[in-house]
Amino acid sequence: MAPTQTGDDGRDPQGTRLEDAIDRRLRGIDSDRYRENTATVLRELAAWLRAHRDVETVEAVDDDDCRRWVQTYLHDRVAGEADPLTFDTARNFSAASAHTYYNIARAFFSWCVDGEQLLATNPMQPDRVKDELPEDTEEVKQGQQFWSADAREALLRYVDREAHDALDDDARDHERAFRDRAIAHLLADTGARGAELFAVSGDSDRNGIQWRDLGDGAIRVLGKSRDRETVQFPPTTRKKVDRYRRVLEPASEDWPVIPTADATSKYRAVRQTLADREFDDEEIETILDNADNIDEVLREYDVAPPALTTEGARRVMRQLCEDAGLAVDGEYLKPHGGRRGLGHRAYTELSAEDAQNILRHRSIETTHASYTEANTSDLSEDVDDLLYGDDSA
């Protein structure tokens, strides 16, 4: 067999096989869950490109190929058509899953552009590709709960009062009181998703916002599409979070805004970080044994603790609501309900376009789908007043 010809840079001039690029990409992903999901999506994409577009290499993929993949493969799976590769109707999925497939594929081609320099531009990125995606109405399906204005105000009054009382009582846990207030305000006021604010178990890319992510009027988050995005950060909310920072005293800008309170996780972080700094096991254990508590070690050695997880945030909210006697339809105020509550108020009191911008919906149709039912319910009351007035009783 003749040897493979390579160019001056050592690459095959005929291009990089999709499967080879995919394998390299997968080796660079730390999160087991995200690696498995990425492998599924990219291997299905490569098989489709080979079977339907006669494309074998990364360099041969263009935006027409990507557009057709979205138009046919993703749309057919959402519409309930048989899988175009296996003719299996059991493998169909939701519009939200189609967006996940697209986002993973787009991230792969971004890696091909920025990391491997195999492509000059991302063929999955152009609007003509993105615009073919089926409408994602996942926001409507997430339990429908949104914090009412009354529930929101009652929660924030409670956490504000708890933080204030903690200052006057040395026996109270000051850090916890101010942390809980920061969590409640971030969920109620920013429109950010829980997975954007807190760590997500099994996904090493989602490790919670850090102090360096906070600006004067915006917070940088890893968005739903896994692109870096900014969410609005109202001045009042910023003041509450800054007050918490003075209580927490993070050792650096790399610390998470909301660190975990779990001691086991903190000990694990110290051992791993110090080992990476070439401390031997005996040195590490001596440091831990001589410290009064694990937080002292975190600060002295500038080890960032892990962030609170989304599961932990839900536990915090559940406990806060239990302590404050708050509920929405018999349930505690769920983290996603804060986002939806803000969106509802913006939709009804400002405009659909403002709600779209606050929630970072890709299309105005998604915003309408999320809040039209609630808005119609409010209109029903207005119509009743119009038609019947005081006689409605």
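Residues numbered from 1 in each chain as written. Predicted model: local features only at pLDDT ≥ 70, side-chain atom pairs only at ≥ 80, totals over all residues. Heavy atoms only, no water.

Peer 1: How should I be thinking about the environment of Asp 302 in this particular structure?
Peer 2: Structurally, the position occupied by Asp 302 is in the loop between α13 (294-300) and α14 (310-324). The class of Asp 302 is partly exposed, set by a relative accessible area of 37%. In sequence terms Asp 302 and Asp 254 are 48 residues apart; their C-alpha atoms lie 9.4 Å from each other. In this structure, Asp 302 is in contact with Ala 251, Ser 252, Trp 255, Arg 277 and Val 297, ignoring residues within four places of it in sequence. (Helix = DSSP H or I, 4+ residues; strand = E, 2+ residues; numbered from the N terminus. Buried < 20%, exposed > 50% of the residue type's maximum accessible area, 1.4 Å probe, protein only. Contact = heavy atoms within 4.5 Å.)

Peer 1: Just to check I follow, could you spell out helix α1 (residues 18-27) for this structure?
Peer 2: For the α-helix, the turn length of 3.6 residues means that residues three or four positions removed from each other point alike. Of the positions making up α1, those classed as buried are Leu 18, Ala 21, Ile 22, Arg 25 and Leu 26. The arc that holds the buried residues of α1, viewed along the axis, is 135°, so those residues lie on one side. Each element contacted by the buried residues of α1 is listed here: α2 (32-53) and α4 (95-114). (Arc of directions from axis to C-beta.)

Peer 1: Would you mind going over the pairing of strand β2 (residues 203-207) with me for this structure?
Peer 2: In the case of a regular strand, side chains alternate between the two sheet surfaces. For strand β1 (residues 199-200) and β2, the ladder comprises two bridges, and the chain directions are antiparallel. Within the sheet, the bridge partner assigned to Val 200 lies in β2 and is Asp 203. Joining the antiparallel neighbours β1 and β2 is a turn of two residues, in which Gly 202 adopts a positive phi near 85°. (Pairing = 2+ DSSP bridges.)

Peer 1: What exactly am I supposed to notice about helix α11 (residues 263-276) here?
Peer 2: Taking 1.5 Å per residue as the helical rise, α11 with its 14 residues ought to reach 20 Å, and the 20 Å between its terminal C-alpha atoms agrees with that figure. Among all positions of α11, only Ser 265, Lys 266, Ala 269, Val 270 and Leu 274 are buried. What you see down the axis of α11 is that its buried residues fit within an arc of 155°, all on one side. Where α11 is buried, its residues touch α12 (281-290) and α13. The positive-phi residue at the C-terminal boundary of α11 is Glu 278, with phi of around 75°. (Expected span 1.5 Å × (residues − 1).)

Peer 1: Mind showing me how you'd approach unusual backbone geometry here?
Peer 2: Across the chain, the bulk of peptide bonds are trans and the bulk of non-glycine residues have phi less than zero. For Asp 54, which is not a glycine, the phi torsion comes out positive at approximately 55°. Position of Asp 54 among the secondary structure elements: in the loop between α2 and α3 (63-79). Residue classification places Asp 54 among the exposed residues on the basis of a relative accessible area of 66%. Even without being a glycine, Asp 302 presents a positive backbone phi close to 50°.

Peer 1: Help me understand the nonpolar core, please; the structure alone is not making it clear to me.
Peer 2: Note on soluble globular proteins: their nonpolar side chains tend to be buried together. In this structure, Leu 155, Ile 258, Met 317 and Leu 333 are the most contacted members of the largest nonpolar core, which totals 52 residues. Mapped onto this core, the elements with two or more residues apiece are α7 (149-167), α8 (174-189), β3 (218-222), α10 (235-248), α11, α12, α13 and α14. Those residues in contact with Ile 258 that sit more than four places away from it in its chain are Arg 179, Ala 182, Ile 183, Leu 186, Phe 198, Tyr 244, Ala 307 and Leu 308. By size, the runner-up hydrophobic cluster in this structure holds 37 residues, among which are Ile 22, Leu 26, Ala 46 and Met 124. (Core = buried A, V, L, I, M, F, W, Y, C linked by side-chain atoms within 4.5 Å.)

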